[in-house]
Amino acid sequence: TEEFSEAKMASATDTDATYIAFNMSQNVEEKAQTNIQEKEMVTEEQDVGKEDPQAKKISLVETETTSRAVSTSKYDVEQQAPKEKKRNESIHGKRPPQKQERNKWFKDVEETGSWGALPKKEIFISLIASLFLIAGAIVLIVVLISNKDDSATVQASLAPSLTPTFTHSLVPTVLEIENKPEDILEQVLTKIALSPSNSDTKYILPGSLDGFEKDQAIDTSLSPQIRAMSWLLYIDPTTQTPLESPLLIARYVCAVLFYKMGGETNSWTDSSNWLTEKSVCEWSGIVCDRQGTHVKALKMASFTLRNKIPDELALLGNLEEIMFRSNKITGTIPSGLLELTHLRYLFLDNNQMTGTIPTEIASIGLYTIMLQLNNFNGKFPFEFCFGGYAKPPLGTFFIDCEGNGTPGLSCICCVLEDHCY
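Everything quoted here is computed from the prediction, not taken from an experiment.

Procedures and definitions
- Residues numbered from 1 in each chain as written.
- Predicted model: local features only at pLDDT ≥ 70, side-chain atom pairs only at ≥ 80, totals over all residues.
- Heavy atoms only, no water.
- Helix = DSSP H or I, 4+ residues; strand = E, 2+ residues; numbered from the N terminus.
- Buried < 20%, exposed > 50% of the residue type's maximum accessible area, 1.4 Å probe, protein only.
- Contact = heavy atoms within 4.5 Å.
- Core = buried A, V, L, I, M, F, W, Y, C linked by side-chain atoms within 4.5 Å.
- Phe/Tyr/Trp six-rings, centres within 6.5 Å; stacked < 30°, edge-to-face > 60°.
- Pairing = 2+ DSSP bridges.
- Axes fitted to C-alpha atoms, helices over the stretch in contact; angles between N-to-C directions.
- Polar contact = N/O pair within 3.5 Å; in protein donor to acceptor, adjacent residues only side chain to side chain.

Colleague: I'd like a rundown of the overall build of the protein, residues and numbers included.
Modeller: Check the secondary structure of the protein and you find 9 helices and 16 strands. Put simply, the protein has 421 residues, and 34% of those count as buried. Of the contacts made within the protein by residues no fewer than 6 positions apart, 53% connect residues no fewer than 24 positions apart.

Colleague: Give me the nonpolar core: which residues, what numbers.
Modeller: Membership of the largest hydrophobic core comes to 73 residues, with the highest contact counts inside it found for Y252, L313 and F324. Of all elements in the fold, only α6 (181-193), α7 (224-235), α8 (246-260), β3 (286-288) and β4 (295-299) reach the threshold of two or more residues within this core. No other element matches α8, which puts 12 residues into this core.

Colleague: Can you explain the environment of P334? Please cite residues and give values.
Modeller: Tracing the sequence through the fold places P334 in the loop between β7 (328-329) and β8 (345-347). Relative accessible area serves as the criterion here: at 6%, P334 is assigned to the buried category. Counting along the chain gives 23 residues from P334 to D311, while the straight-line C-alpha distance between them is 5.9 Å. In contact with P334, not counting residues within four places along its chain, are I309 and D311.

Colleague: Any chance you could break down the packing of aromatic side chains for me, citing the residues and the numbers?
Modeller: Enumeration over the complete set of coordinates arrives at 10 aromatic pairs. Taking 5.4 Å as the distance between ring centres and 80° as the angle between the ring planes, the aromatic pair formed by F258 and W268 counts as edge-to-face. Here W268 lies in the loop between α8 and β3 and F258 lies in helix α8, a separation of 10 residues in the sequence. The pair formed by F258 and W268 is uniform in burial state, with each residue classed as buried.

Colleague: Can you tell me about unusual backbone geometry, naming the residues and giving the values?
Modeller: Put simply, P392 and P393 share a cis peptide bond, and its omega is 10°. Counting through the fold element by element, P393 comes out in the loop between β14 (389-390) and β15 (396-398). In this model, T304 sits at a positive phi of 65°, which is unusual for a non-glycine residue.

Colleague: I'd love a proper account of the sheet that holds β4, names of residues and values included.
Modeller: The strand order across the open sheet built from 6 strands is β3-β4-β6-β8-β10-β15, with neighbouring strands paired in mixed fashion. Bordering the open sheet on either side are β3 and β15, each of which pairs with just one other strand. Here the strands of the sheet are splayed against their neighbours by 15° on average, with no regard to which way each runs.

Colleague: Mind laying out the side chain of N351, listing which residues take part and the relevant values?
Modeller: For N351, the location among the structural elements is in the loop between β8 and β9 (354-355). On the accessibility criterion, N351 (7% relative accessible area) is buried. Polar contacts involving the side chain of N351 include one to the main-chain amide nitrogen of K328, which spans 3.4 Å. A distance of 3.2 Å separates a polar atom in the side chain of N351 from the backbone oxygen of D349. What N351 contacts, discounting residues up to four positions off in sequence, is F324, R325, S326, N327, K328, I329, L373 and N374.

Written out as structure tokens, the structure reads:
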């Protein structure tokens, strides 16, 4: 009991030393009393109805001894408590008793139903209001940033561009401009004047608007050139083509081809988009370059083209291919084709053309020329030949060779199997 008391007192705090000593003495006294009661019960069971003086004497001695031990232990505990208290003070220092207190905020909530000085309802409302304020601030910041970006975009769009923008499209971008008829006429006449054969009467047009009227485009008694220019000046649905664009003169040339080769009679097998608001690059049979700025080819085989080929094709300076195979074209090879220095492929076979082959055509630089199934006569230009063979760059050609009583062309460099139809 004394060892247990000492261990308990050593672990107690300074302020509880006396309390622990008192409790321990009480425990010792209770334990001794319990032992006495148990011995009395055992003695009573063994000597029921029988009282042994000697046993009684021994029991009294034991009881006295136990009471003395309890008194001694209580006295020792009371004497030891001040010593333990003094020893703990020397080790840990004298400290005031510590009492665990509940957080005052929780105490307020439990006792008064409020958090500090505010009730729960007001706290909740304050939190909701704070969230709305934060959300409003975020929205305001986003709006300000968006307005700043829009302003910068508007300023950028208002600033003029120093360099043009090109797109890799077969259809050019239509600009929001409107050309005046007098400006269009002047531009076309300027292009014609710059043509190498501008002295030829085939390009003669009135020099002012007085020579053109809107109704002339539908007057079949007028020349295809007058009708095409009248259409371009007054009827053309698109007036946004830039004056400096090659496509402006291309619209005029293709309109001449349309009126001269039977396009308006609905005899063409395909006249999609012709003389519409769409770019000339979208008219059926017309192929433009990647930038959509120049006409590169006229692929109109089996279109049921009629009449003569217009000389105005010479105004398409970048033209590389003419595919007029299997139509009903008449007349001779126009001199205007001799001005197409970029022309490399010429397909006029299976038509009704007549006349001779101009020698100048050999100087263009053709890679391929097909003239068979026509009514040409005379000689195949010897400029195409060299030492009995086709002169480079010409690689492939077919003609109607004369012989065996059939009309055709005489040729000094033709191989029957390779060049004669």
